[in-house]
Amino acid sequence: TSEYSTAHKVRVSDLRAQLESLNDAGFTLVAVDEWINGNITIPAGRKPLIISMDDLFFNNQITLGADGVPTPDTSIGIFWQFSQEHPEFGFQLALFANLGDRLYAEPANPDWEEKLGRAIAWCLDHGALVYNHTYQHVRLDLTDPPGVKSELRRNDLYLRELLTMIGRDDLIPALGNMLALPFGNWPDSNGIYVIQHYTNPEGLSMQAVFAIDNNQRAGYLSPPYSPNFNRFNIPRIAARPITIEYLVEHKDEFPAASACSLGP
């Protein structure tokens, strides 16, 4: 219902137009874990792009229809529909969830948790991978080290509880361990130590920590083999309309994938 798109709200019509412009500019979505692990494969001539989404899960971000597919009036549904029409663009998203702070659908509805669990399972099945954004979207700069660990753990445990509730605990072993800082705020040095040494319930060490900035200040993500790559301080650029315009206008400055042939 907003009259125009901002850094935190995007009109449906604007989102569709933004995806069209990014695709026409030659960008292809890649999974953040593939980038972290240096395992990036996209069509020759295309440019890799990582899109993340914070503050999951609202029902306007994803609602499954009767056919089990996200409805096209939700943001993830729009991404999915666009990827089906434009397979060269792909469908890969990094979803940072704060599950204790976002009540899915109508809390008074007794089956809202089941609906949330099924929406999460659909995401994990289709390449929209779910990561940590703390349990209650706290300000980490105001949280002591035990509180930092508690926020990460509670979010992880509830995610697994939801998947178990709907009989999809088969997805749990494949869950990653990455954190996007709420509000972009860092804790003190002791809290940073807790984050960097946090392991998820399956024993997986912290893979990456994501900050946030704007396109005037943020650097672009270095490849994992670069000496400038720091997995514990990965920049993200808020997707304001001006940022999308910048990416499109400067598309020729981004390296494109090359094809090579080995051997006879």
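Note that residues are indexed from 1 along each chain, following the sequence as it is written. Restriction of local features to residues with pLDDT of at least 70 applies here, the model being predicted, together with a cutoff of 80 or more for giving and counting side-chain atom pairs; totals for whole chains, interfaces and linings are based on all residues. The side-chain figures draw on all heavy atoms in the structure; neither hydrogens nor water molecules are used.

## Considering the overall build of the protein
What counts is decided by this rule: For helices the rule is a DSSP run of H or I covering at least 4 residues; for strands it is a run of E covering at least 2, with both sets numbered from the N terminus onward. Residue exposure (1.4 Å probe, protein chains only): buried if accessible area is under 20% of the type maximum, exposed if over 50%, otherwise partly exposed. Residue contacts are counted whenever heavy atoms from the two residues lie within 4.5 Å of one another. To be clear on the numbers: accessible area is Shrake-Rupley with a 1.4 Å probe, and residue cover counts the displayed protein chains and nothing else. Charge counting treats Lys and Arg as positive and Asp and Glu as negative, with His and both chain ends excluded. Working definition for charges: the position is that of NZ of Lys, CZ of Arg, CG of Asp or CD of Glu.
Broken down by element type, the protein carries seven helices and seven strands. Secondary structure elements in the protein, listed N-terminal to C-terminal, are α-β-α-β-β-α-β-α-β-α-β-α-β-α. The principal-axis extent of the C-alpha atoms belonging to the protein is close to 50 × 50 × 45 Å. Within the protein, buried positions represent 44% of all 264 residues. Taking as baseline every contact in the protein between residues at least 6 positions apart, the subset at least 24 positions apart corresponds to 69%. Carbon and sulfur atoms make up 51% of the accessible area of the protein, which totals about 13300 Å². Averaging the coordinates of the 19 positive side-chain charges in the protein and doing the same for the 32 negative ones gives two points 3 Å apart.

## Some details on the pattern of salt bridges
To be explicit about the condition: Here a salt bridge means any side-chain nitrogen of Lys or Arg lying within 4 Å of a carboxyl oxygen belonging to Asp or Glu.
Across all of its chains, the model carries nine salt bridges by this definition. Through salt bridges with shared partners, a single ionic network connects Asp125, Arg168 and Asp170.

## Notes on the pairing of strand 4 (residues 93-97)
Look at any regular strand and the pattern is simple: side chains alternate between the two faces of the sheet. We apply this condition: Strands qualify as paired when DSSP identifies two bridges or more between them. Crossovers are described as right-handed under a simple rule: with the strands pointing away from the observer, the path leading from the first strand over the helix to the second runs clockwise.
Across the five residues that make up strand 4, a large majority, five, are buried. Where strand 3 (residues 52-56) lies against strand 4, four bridges are found, and the strand directions are parallel. Counted as the bridge partner of Met53 is Leu95 from strand 4. Following the backbone out of strand 3, through helix 3 (residues 75-85) and into the adjacent parallel strand 4, one traces a crossover that is right-handed. Two elements, strand 4 and strand 5 (residues 128-132), share five bridges in a ladder whose sense is parallel. Bridge pairing in strand 5 places Ala97 opposite Asn132.

## Details of the side chain of His137
To keep things clear, this is the line we draw: In protein, a polar contact means a hydrogen-donor-capable atom and an acceptor-capable atom, both N or O and within 3.5 Å, with residues adjacent in sequence counting only if both atoms are side-chain atoms; elsewhere, any N or O pair within 3.5 Å suffices.
Tracing the backbone shows His137 in the loop between strand 5 and helix 5 (145-165). Note on His137: relative accessible area 13%, which makes it buried. In terms of polar contacts, His137 uses its side chain to reach the side chain of Asp55, at 3.0 Å. When neighbours within four sequence positions are excluded, His137 is seen to be in contact with Asp55, Asn98, Asp101, Arg102, Glu151, Pro182 and Phe183.

## Some thoughts on the packing of aromatic side chains
Worth spelling out the cut-off: For this analysis, a ring pair means two rings from Phe, Tyr or Trp (six-membered ring only for Trp) whose centres lie within 6.5 Å, classed as stacked if their planes differ by under 30 degrees, edge-to-face if by over 60, and tilted for the remaining angles.
Considering all chains together, one arrives at eight aromatic pairs under this definition. A centroid spacing of 5.1 Å and a plane angle of 85° characterise the contact between Trp80 and Trp122, whose relative ring orientation is edge-to-face. With Trp80 in helix 3 and Trp122 in helix 4 (residues 112-126), this residue pair connects regions lying 42 residues apart in the sequence. A single burial state applies to Trp80 and to Trp122, both of which are buried. Here Tyr135 and Tyr158 contribute two aromatic rings whose centre-to-centre distance is 6.3 Å and whose plane-to-plane angle is 80°, an arrangement assigned as edge-to-face. Remark: Tyr158 occurs in helix 5 and Tyr135 occurs in the loop between strand 5 and helix 5; sequence separation between them is 23 residues. Taken individually, Tyr135 and Tyr158 each receive the classification buried, so the pair is uniform in this respect.

## Quick word on empty space enclosed by the protein
Selection criterion: Of the two site types, the cavity is a set of points on a 1 Å grid over the protein atoms alone where a 1.4 Å probe fits but cannot get out, and the pocket is an open set with protein on both sides within 12 Å along at least five of seven lines, each lined by residues with an atom within 4 Å of a point. Grid points are joined across faces, edges and corners, and a volume is the space filled by probe spheres set on the points. Only Asp, Glu, Lys and Arg are considered charged, only Ala, Val, Leu, Ile, Met, Phe, Trp, Tyr, Cys and Pro nonpolar, and every remaining residue, Gly among them, polar.
The final tally for this structure, using the stated rule, is one cavity of 30 Å³ or more. Forming the walls of the largest cavity are 13 residues, and the residues nearest its centre are Val130, Tyr131, Asn132, Asp156 and Leu159. Counting only elements with at least two residues in the lining of the largest cavity, the list comes to strand 5 and helix 5. Of the residues in the lining of the largest cavity, the class split is seven nonpolar, four polar and two charged.

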